[in-house]
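The lines below spell out each chain.
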Amino acid sequence: MTTLLDEGALTAARTWCAGAPVEVHEQIGSTNDRVAELAAGGAPEGTLVVARVQTAGRGRRGKTWASPAGGLYFSLLLRPREESLRSGLPATLVAGLALCEALESLTPAEVRPQLKWPNDVLIEGKKVSGILGEMSRDDRGPALVLGLGINVGAAVLPAELAASATQLPEVGATPSPEEVLGAFFERFGPLWSRLDGNSQADSDPSAREAFLRAAAERMPSLGGPVRLHLPNAVVEGTFRRLSPSGGLVLERDGVEKTYLAGEVQAARPQ
Ligand code: BTN
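What you see is a predicted model; the values in this text were computed from it and never measured. (Residues numbered from 1 in each chain as written. Predicted model: local features only at pLDDT ≥ 70, side-chain atom pairs only at ≥ 80, totals over all residues. Heavy atoms only, no water.)

A. Molecular detail of the sheet that holds strand β8 (residues 225–230). Spatially, 5 strands are ordered β11-β10-β9-β8-β12 in an open sheet, and the strand pairing comes out antiparallel. Since the sheet does not close on itself, it has two edges, and those belong to β11 (255–259) and β12 (263–266), each with one partner. Strand-to-strand twist in this sheet, taken as the mean axis angle between neighbours without regard to direction, amounts to 45°. Of the strand pairs in this sheet, β8 and β12 are connected by 4 bridges, and their pairing is antiparallel. (Pairing = 2+ DSSP bridges. Helix = DSSP H or I, 4+ residues; strand = E, 2+ residues; numbered from the N terminus. Axes fitted to C-alpha atoms, helices over the stretch in contact; angles between N-to-C directions.)

And the structure:
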């Protein structure tokens, strides 16, 4: 059975930037598109669009994101500082760690959500959430639309995802979408404010170090051989560490190089 989303509870769950607009849709094309529209009209940071179903959900690298009833689909508007765009941590990675911690708080004790660089969230090696960040600029400066698709409930996913995707009921958890959203914002809001520095004179360097340590601890491929898929190439090497700006430091033949985007796949040791 599918239930309707509770607009009041979702609005209350967005504990960060309370006061910014919230829209809740039973069905929409893409929540990212809707937030981009609102951003173009001057919407403030924290603007949130949530949907129960998307008919044109988008994933990274031009893929579609299956968005049937039972999942949670939402997009959030961020207005990062220029400085944090140049040298800060990507908001998508920050959202990934916040979501790992949120899901850990809502699932049985033995469940430890993991991060697949740069920002997929996995449980037991299968994807439970994908995150899409889309940047634009308007007269208020940079606008970043952060979209999250989370396999919260028992949805009918396409058969081709059976081996690679999971849903929270498969690991014995049945939180409501409102609870998941609340647990996410409880972590994301303070983390983003500290890292972006929007609410302070400057961002906090010790917060960045703590963030990088916590993110690294949730990346099982770190330290091992990986294959990194780039738009026009595939490179192999050892995933040495995260760079100060959340990039992947890859070592090949004794030479280290930092990548800021790509798709990681664990490779077999030689
Ligand atoms: C990925 O892993 O490829 C990213 C998937 C992002 C999906 C979310 S669902 C809410 C928001 N609206 C979209 O159209 N896409 C994102």
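B. Summary view of the side chain of S129. Relative to the helices and strands, S129 resides in strand β6 (residues 126–138). At 3.0 Å, the side chain of S129 and the backbone oxygen of G149 are in polar contact. Once residues within four sequence positions are removed from consideration, S129 is found in contact with W65, L99, D120, V121, G149 and I150. (Polar contact = N/O pair within 3.5 Å; in protein donor to acceptor, adjacent residues only side chain to side chain. Contact = heavy atoms within 4.5 Å.)

C. Looking closely at the site of the ligand. Surveying the vicinity of the ligand reveals 19 residues, the closest of which are S30, Q54, R58, R60 and K127. Contacts to the ligand include R58, whose backbone N or O atom sits 2.7 Å from a nitrogen atom. When the free accessible area of the ligand is taken as 410 Å², the share hidden by the protein chains comes to 98%. Ranked by residues supplied to the shell around the ligand, first place goes to β6 with 4 residues. Of the residues that constitute the shell around the ligand, the class distribution is 5 nonpolar, 10 polar and 4 charged. (Near = heavy atom within 4 Å. Areas by Shrake-Rupley, 256 points an atom, 1.4 Å probe, with all protein chains shown as cover. Nonpolar A, V, L, I, M, F, W, Y, C, P; charged D, E, K, R; others polar.)

D. Expanded view of the nonpolar core. F74, L78, L146, F184, F188 and F211 are the most contacted members of the largest nonpolar core, which has 60 residues in total. With 10 residues, helix α4 (residues 91–106) is the single largest residue contributor to this core. Beyond its immediate sequence surroundings of up to four residues, F188 is in contact with W16, L76, L78, A91, V94, A95, A98 and L146. Counting residues in hydrophobic clusters, the runner-up holds 10 residues, among them V35, A43, A51 and V145. (Core = buried A, V, L, I, M, F, W, Y, C linked by side-chain atoms within 4.5 Å. Buried < 20%, exposed > 50% of the residue type's maximum accessible area, 1.4 Å probe, protein only.)

E. Seen up close, the sheet that holds strand β2 (residues 48–54). Reading across from one edge, β1-β2-β3-β7-β6-β5-β4 is the order of the 7 strands in this open sheet, with mixed pairing throughout. Lying at the two open borders of the sheet, with one neighbouring strand each, are β1 (22–28) and β4 (114–116). Pairs of neighbouring strands in the sheet enclose a mean axial angle of 20°, with direction left out of account. With 6 bridges joining them, β1 and β2 adopt parallel strand pairing. Note on β2: the bridge partner recorded for V24 is V50.

F. View of the environment of F211. Within the secondary structure layout, F211 lies in helix α6 (residues 205–217). Residues in contact with F211, not counting those within four places in the same chain, are L89, L93, V94, L97, L191 and L195.

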